[in-house]
Amino acid sequence: MTSILIIYTGGTIGMIESVDRQTLVPFDLPHVLDTIPELRKLDAKLDSIAFEKPIDSSDMEPTGWMKIAAMVADNYDAYDGFVILHGSDTLAYTASALSYMFSGLRKPVVLTGSQLPIGMIRTDARDNLITSVEFAARSMNDEPVVQEVVVCFEDLLYRGNRTKKYSTEAFDAFISPNYPVLGEAGVNLNFDFEELYRSDEEAFKVVGGFDQRVAVLTMFPGIMPELVRSVLRNTDLRGLVMMTFGSGNAPSDKALIDELTLAVERGMVIVNVTQCAKGKVEQGKYETSVGLMNAGVVSCGDMTLEATLTKLMFLLDKSDDADWVKEQMLTNLRGELTV
Ligand code: ASP
């Protein structure tokens, strides 16, 4: 019988209303399996473990990503798949971070959560959890169908490092703007087999470590040159994600380009992600991105902000060589980038 380990980290799925303030707070959900008795009817052996103190995912940090990775690694041989219950707010960051940490992954790691707590009458938690377990348990020719980090929400299965939370309201809270849906649960579970990721690496291993000396700088019309300058001259920073307009454009002010050039020369890795949810950065397409290209800013193509930021943190931790980091940013490591 297929065995699945459910890892509870927190998030709305397990929250309750605090008595005094009527706000949603993380709740210790020790008996995930008892909350949804239907889970026992599935054709899979289920166990669960949890963070000692469940958190709202807005409190998630790289140490939390590593904790989840260690929980998967410690149980990797004992289970056929993993379902991680996580708050939806930063779930796309965690999914991206995990995808880089797991090398040679040959089992499903499915992240899910919900918009309404598990105890509420109209909750989406029940369906999301059951469907996630079903996706995780599915095998073909004696091997798991899914062998990557994925996100399951409202019957759809996405590559984790391609997702974004896009709705605070709808049950289908996630999108995968630049990559096809990997699977859909209707009467049957259907997969897009062509799009599923397969690793070339031999053995499974977890590579941890994230350098937090990074920042995200969003461009906007009227942005003060002093603000940009103070970020670019911040010597505590090793990496910067610039969120630009359209296909990677920014104000073409010469002073800005000069500052960028100097920052790159000082060794800062500066990467370019578009503010558009869908589509890609194409530096050089417009004159307003030629300066960025000439300054040595790296185009992140169709990667999401979440996939880019976590990739940059992951790579900066691995090397002091800015050129190597830039080259790896342009490389498709886990299906996060269309090359
Ligand atoms: N604030 C919650 C969290 O991310 C929202 C959710 O779970 O949907 O933990």
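Along each chain, residue indices are assigned from 1 in the same order as the chain's sequence is written. Totals for whole chains, interfaces and linings use every residue, but because this is a predicted model, local features are given only for residues with pLDDT of at least 70 and side-chain atom pairs only at 80 or more, for both listing and counting. Hydrogens and water molecules were not included; the side-chain quantities draw on all heavy atoms of the structure.

Site definitions follow a grid-based scheme: protein atoms alone, a 1 Å grid, a 1.4 Å probe that fits but cannot get out for cavities, and for pockets an open set with protein on both sides within 12 Å along at least five of seven lines, plus lining residues having an atom within 4 Å of a point. Grid points are joined across faces, edges and corners, and a volume is the space filled by probe spheres set on the points. Counted by the stated rule, this structure contains 1 cavity of 30 Å³ or more. There is about 100 Å³ of room inside the largest cavity. In terms of lining, the largest cavity is formed by 13 residues, of which the most central are Ser-99, Glu-148, Val-149, Tyr-197 and Arg-334.

Moving on, we come to the site of the ligand. The ligand sits among Gly-11, Thr-12, Met-15, Asp-56, Ser-57, Gly-87, Ser-88, Asp-89 and Ser-114. As used in this structure description, the phrase polar contact means that two N or O atoms lie within 3.5 Å; if the pair is within protein, one of them must be able to donate a hydrogen and the other to accept it, and residues adjacent in sequence are counted only when both atoms belong to side chains. One of the side-chain N or O atoms of Asp-89 is found 2.8 Å from a nitrogen atom in the ligand. Calculation on the ligand without its partners gives an accessible area of 270 Å², and the protein chains cover 91% of this total. Throughout, the ten residues Ala, Val, Leu, Ile, Met, Phe, Trp, Tyr, Cys and Pro are labelled nonpolar, Asp, Glu, Lys and Arg are labelled charged, and all others, Gly among them, are labelled polar. Of the residues that constitute the shell around the ligand, the class distribution is 1 nonpolar, 6 polar and 2 charged. Throughout, near means a residue has at least one heavy atom within 4 Å of the molecule or strand. Here the open area of atoms and residues is found with the Shrake-Rupley method and a 1.4 Å probe, where only the protein chains shown may cover a residue.

Quick look at the pairing of strand β5 (residues 81-85) now. Side chains on a regular strand alternate between the two faces of the sheet. In terms of residue burial, β5 counts as a mostly covered element, since 5 of its 5 residues are buried. Here the term buried applies to any residue with accessible area under 20% of the maximum for its type, exposed to any over 50%, and partly exposed to those in between, with areas from a 1.4 Å probe on protein chains only. Elements are defined by DSSP. Helices are runs of H or I of four residues or more, strands are runs of E of two residues or more, and each kind is numbered from the N terminus. Side chains Gly-81, Val-83 and Leu-85 of β5 all project onto a buried face; the interleaved residues Phe-82 and Ile-84 project onto the opposite face, where all are buried too. Strands are labelled as partners when DSSP assigns at least two bridges between them. Relative to β5, strand β1 (residues 2-10) is paired through 5 bridges, and the arrangement is parallel. Bridging across to β5, Ile-6 finds its partner in Val-83. Pairing analysis gives 4 bridges linking β5 to strand β7 (residues 109-112), with the strands arranged parallel.

Three or four residues apart is the spacing at which side chains of an α-helix point the same way, because the helix has 3.6 residues per turn. Its 13 residues place the ends of helix α4 (residues 125-137) 18 Å apart at the C-alpha level, agreeing with the 18 Å of an ideal helix rising 1.5 Å per residue. Within α4, 10 of the 13 residues are buried, which leaves it mostly tucked inside the rest of the structure. If you check which residues of α4 are buried, you get Ala-125, Asn-128, Leu-129, Ile-130, Thr-131, Ser-132, Val-133, Phe-135, Ala-136 and Ala-137. What a helix is expected to span follows from its residue count: subtract one and scale by 1.5 Å.

It is worth spelling out the nonpolar core at this point. Leu-98, Leu-312 and Met-329 are the most contacted members of the largest nonpolar core, which has 55 residues in total. The element that contributes the greatest number of residues to this core is helix α8 (residues 305-318), accounting for 8 residues. For this analysis, residues touch if any pair of their heavy atoms sits within 4.5 Å. When sequence neighbours within four positions are dropped, the list of residues in contact with Leu-98 reads Trp-65, Ile-68, Ala-69, Ile-84, Leu-111 and Val-149. Take the buried Ala, Val, Leu, Ile, Met, Phe, Trp, Tyr and Cys residues and link them wherever side-chain atoms come within 4.5 Å; each set so joined is a nonpolar core. The next biggest cluster of nonpolar side chains, apart from the first, holds 32 residues, and it includes Leu-33, Leu-39, Ile-118 and Leu-157.

We now examine the packing of helix α2 (residues 62-74) against helix α3 (residues 91-101). Axis definition: a line fitted to C-alpha atoms, over the contacting stretch in the case of helices. Angles run 0 to 180 degrees between N-to-C directions. Remark: α2 packs on α3, axes separated minimally by 10 Å, with the N-to-C direction vectors making an angle of 55 degrees. By the angle between their directions, the pair α2 and α3 is classed as oblique. Both α2 and α3 take part in a crossing whose hand is right-handed. Here α2 contributes Trp-65, Met-66, Ile-68 and Ala-69 to the contact with α3, which in turn contributes Tyr-93, Thr-94, Ala-97, Leu-98 and Met-101. When its residues are assigned to classes, the contact of α2 with α3 shows 8 nonpolar, 1 polar and no charged. Throughout, the term roughly parallel applies to angles under 35 degrees, roughly antiparallel to angles over 145, roughly perpendicular to angles from 65 to 115, and oblique to all others. Should the near helix be turned counterclockwise from the far one by less than a right angle, the crossing is left-handed, whereas a clockwise turn marks it as right-handed.

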